[in-house]
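Residue-level structural notes
So you can see what is in the structure, the chains are spelled out below.
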Amino acid sequence: MPSAYYQPLEPQASDDNDERWAIEDDDEQSSGRTERSSQYQHLHTRCYPQQLLATGDQLPSMGMAPRLRGAGTCRRSYCIMLLLIVVGVCFVGYFFVSPQSAGRGDDGAEDANGIYEPHNGKGKRRHLKLILGMQMIPHDHPFKATISKRNHGRIHSTTGHALNEPLHICSESPEDRRVYIQDKPRSAYAQLPVIYFVTPTYPRREQIPELKRLAYTLLHVPRLYWLVANDQERCDTFLDTLLSGFGIPYAHMASPMPSEFRKSKPAPRGVANRRAALQWLHQQNITNGVLYFGDDDNTYDLRLFSEIRQTQRVSMFPVGLIAEYAVSVPVVRDGKVVAFLDSWVAGRRWPVDMAGFAVSLAYMSQYPNVNMPYKPGYEEDLFLRSIGLRIDQIEPKGANCTEILVWHTQTKNKKSAVVRLNSEFLDGRSNLGALFQSLKLMGVASASDTEGPVAMISKNGKSKSHSFILS
Ligand code: UGA
Ligand code: MN
């Protein structure tokens, strides 16, 4: 199918800028060094009673404090009124907008603040700031009302779909061209719910091998729709060909990370991609089947797919190789999830990895504010909050979370190689011309006349410059 742009969703409840601001607000609040914070401080110096205490004054009482007589009395009442309004607004704001109040019900689970050890090498301090920000600034809740700087603090509507981005589809095919899957003909699986397997991916030299490895796993999974979202502005035609070749129903979309996040550390990896896939599901009006976020570098046991396929609301299961404990897992007692074991809690109500849960689309479609905000480290938590999950509703999988069916394997990301291989030799005289052409297409390596280490070719254990053998 040719490229097509899907329309953004209406109405808009939240946008990237708002979320971006929310992150910046967090940082500013906790650092207290920015211009905005100092203005905020200034306001408080004028009106906040504790400032008077700090400068040696007594607590102001009506008509008594000498420094507040006359014009000062007026200013004091103004300040008190202002303070009451601010407290009132904060109070109301907290209950309407805080993440804790966002879900349909509260599971009463405590958000324990443990030792902040972010997994995947994310900066500790950055995360700490975000957590503090989340607790201190209720308005930063990304999928409910947001206070936008752009709109001068007006509160957006709290209804409507929280995603609103153009969606660029590169190629797609709903057709399953596999004849046999595992040991049965495809038709034997016709009654099974479909698993929508969402894979964020991004250009780097490991991209194609990772996707191939994943594809060869997915080829064994019946009734699977692969949503591959590439973190790149333009469509990659090599990916189109690769994906269509597997015969798995798929959609390939281009979903670049918004440029303002590119340089942030940590960056919200895979978020634009997953948002695009959510948008696709929404626009296709898919309200049946199961959603699973499967990164391109993880390792999946085939039994995972049979486990998650019957998810009624949200199922959860252990993920191996996560951070310090080498596992992130719900704690199950008497067949019920009661808590979580994860070495990076950081205030998250749902301290789980992206690969550690699956969601029923029938359930998710009841939540119009479903969202995955650009908040590094909190994507899973905020996504699960946006669909009003309660702890007693979670379905533990993998023999009550005793088996690891998915591994958070990681592949080192290295720059694409440049090899000095003279172009005059990259012709039909040897295989190397065609090989390097294909390596270039895959973003793995390229040949150059002027850059990189000179390619040496060896024979009988003796190496010589490539020109010696190829000429
Ligand atoms: C962990 C979690 O397992 C991810 O689900 C989560 O998105 C990520 O942390 C995060 O929050 O940053 P990790 O192995 O550290 O994953 O991250 P990557 O595997 O590098 O990235 C997660 C996914 O996003 C991958 O599928 C990757 O291909 C994709 N990605 C990564 C992008 O699309 N763009 C990038 O710039 C980097
Ligand atoms: Mn990964």
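Residues numbered from 1 in each chain as written. Chains lettered and ligands numbered in written order. Predicted model: local features only at pLDDT ≥ 70, side-chain atom pairs only at ≥ 80, totals over all residues. Heavy atoms only, no water.

Observations concerning the overall build of the chain
The number of helices and strands found in the chain is 16 helices and 20 strands. Here the chain holds 471 residues, and the buried ones make up 48% of them. Looking at the chain alone, contacts between residues at least 24 apart form 76% of all its contacts between residues at least 6 apart. A total of about 23700 Å² of accessible surface is found on the chain, and carbon and sulfur atoms cover 55% of it. (Helix = DSSP H or I, 4+ residues; strand = E, 2+ residues; numbered from the N terminus. Buried < 20%, exposed > 50% of the residue type's maximum accessible area, 1.4 Å probe, protein only. Contact = heavy atoms within 4.5 Å. Areas by Shrake-Rupley, 256 points an atom, 1.4 Å probe, with all protein chains shown as cover.)

Let's talk about the site of ligand 1
Near ligand 1 you find 20 residues, and of these Pro200, Asp231, Arg274, Asp353 and Gln410 are the closest. A distance of 3.4 Å is found between an oxygen atom of ligand 1 and a backbone nitrogen or oxygen belonging to Thr201. Taking Gln410, its side chain carries an N or O atom lying 2.9 Å from an oxygen atom of ligand 1. Notes on ligand 1: free accessible area 670 Å², of which the protein chains cover 94%. Elements with a minimum of two residues in the shell around ligand 1: β5 (195-201) and α10 (271-283). (Near = heavy atom within 4 Å. Polar contact = N/O pair within 3.5 Å; in protein donor to acceptor, adjacent residues only side chain to side chain.)

Some points on the packing of helix α7 (residues 207-218) against helix α8 (residues 237-246)
The geometry of α7 relative to α8 is characterised by a closest axis approach of 11 Å and an angle of 15° between their N-to-C directions. Classified by the interaxial angle, the pair formed by α7 and α8 is roughly parallel. Considering how the two elements wind past one another, α7 and α8 form a crossing that is right-handed. When α7 is examined against α8, the residues Gln207, Ile208, Leu211, Lys212, Ala215 and Tyr216 are found in contact with a partner set consisting of Phe238, Leu239, Leu242 and Phe246. Tallied by class, residues from the contact of α7 with α8 come to eight nonpolar, one polar and one charged. (Axes fitted to C-alpha atoms, helices over the stretch in contact; angles between N-to-C directions. Parallel < 35°, antiparallel > 145°, perpendicular 65-115°, else oblique. Left-handed = near helix turned anticlockwise from the far one by under 90°. Nonpolar A, V, L, I, M, F, W, Y, C, P; charged D, E, K, R; others polar.)

Points about the state of the cysteines
The tally for this structure, following the rule as stated, stands at one disulfide. Through a disulfide, Cys170 is tied to Cys235; the S-S separation comes to 2.1 Å. On the S-S bond that ties Cys170 to Cys235, the torsion sits near -85°, and the link is left-handed. Of this pair, Cys170 sits in strand β2 (residues 167-173) while Cys235 sits in the loop between β6 (224-230) and α8, and the two are 65 residues apart along the sequence. (Disulfide = S-S within 2.5 Å.)

Observations concerning the packing of aromatic side chains
The geometry of an aromatic ring pair comes down to the distance between the two centres and the angle between the two planes. Under the definition given, this model contains 18 aromatic pairs. A centroid spacing of 5.2 Å and a plane angle of 45° characterise the contact between Tyr225 and Trp280, whose relative ring orientation is tilted. Separated by 55 residues along the polypeptide, Tyr225 in strand β6 and Trp280 in helix α10 bring together distant segments of the chain. Across the pair, Trp280 and Tyr225 agree in class, each one buried. (Phe/Tyr/Trp six-rings, centres within 6.5 Å; stacked < 30°, edge-to-face > 60°.)

Considering the coordination of the manganese ion (ligand 2)
Taken together, Asp297 (OD) and Asp297 (OD) make up the full set of protein donors to the manganese ion (ligand 2), lying 2.1 to 2.7 Å away. The residue Asp297 is located in the loop between β8 (290-293) and β9 (299-300) in this model. (Donors = N, O, S within 2.8 Å, 3.2 Å for Na, K, Ca; no water.)

Looking at the nonpolar core
Residues Trp280 and Phe383 are the most contacted members of the largest nonpolar core, which totals 46 residues. With seven residues, α10 is the largest single contributor of residues to this core. In terms of nonpolar packing, the next biggest core, distinct from the first, is built from 37 residues, Phe197, Leu242, Ile308 and Val419 among them. (Core = buried A, V, L, I, M, F, W, Y, C linked by side-chain atoms within 4.5 Å.)

Comments concerning α10
When the terminal C-alpha atoms of α10 are compared, their 18 Å separation across 13 residues agrees well with the 18 Å that a helix rising 1.5 Å per residue should span. By the criterion of burial, α10 is predominantly enclosed, with 11 of the 13 residues buried. Of the residues making up α10, those classed as buried are Val271, Ala272, Asn273, Arg274, Arg275, Ala276, Ala277, Leu278, Gln279, Trp280 and Leu281. Following α10 by one or two positions, Asn285 has its phi on the positive side, about 55°. (Expected span 1.5 Å × (residues − 1).)

So, the UniProt feature "glycosylation site" (unreviewed entry) in the chain
Under the feature "glycosylation site" (unreviewed entry), the UniProt entry names Asn400. Looking at where Asn400 falls in the secondary structure, it is placed in helix α14 (residues 398-401). Once residues lying within four places of it in the same chain are set aside, the contact partners of Asn400 are Val332 and Gly335. (UniProt positions renumbered as here; feature names shortened; annotations may be inferred.)

Some points on the confidence of the model for the chain
In this model, the chain carries an average pLDDT of 75, and 66% of its residues clear a pLDDT of 70 or more. Note on residues 1-74: pLDDT is under 50 here. Beyond four places in sequence and across chains, it has 121 contacts. Confidence over residues 92-160 falls short of pLDDT 50; this stretch has 158 contacts with residues more than four positions distant or in other chains. (pLDDT = per-residue confidence, 0-100.)

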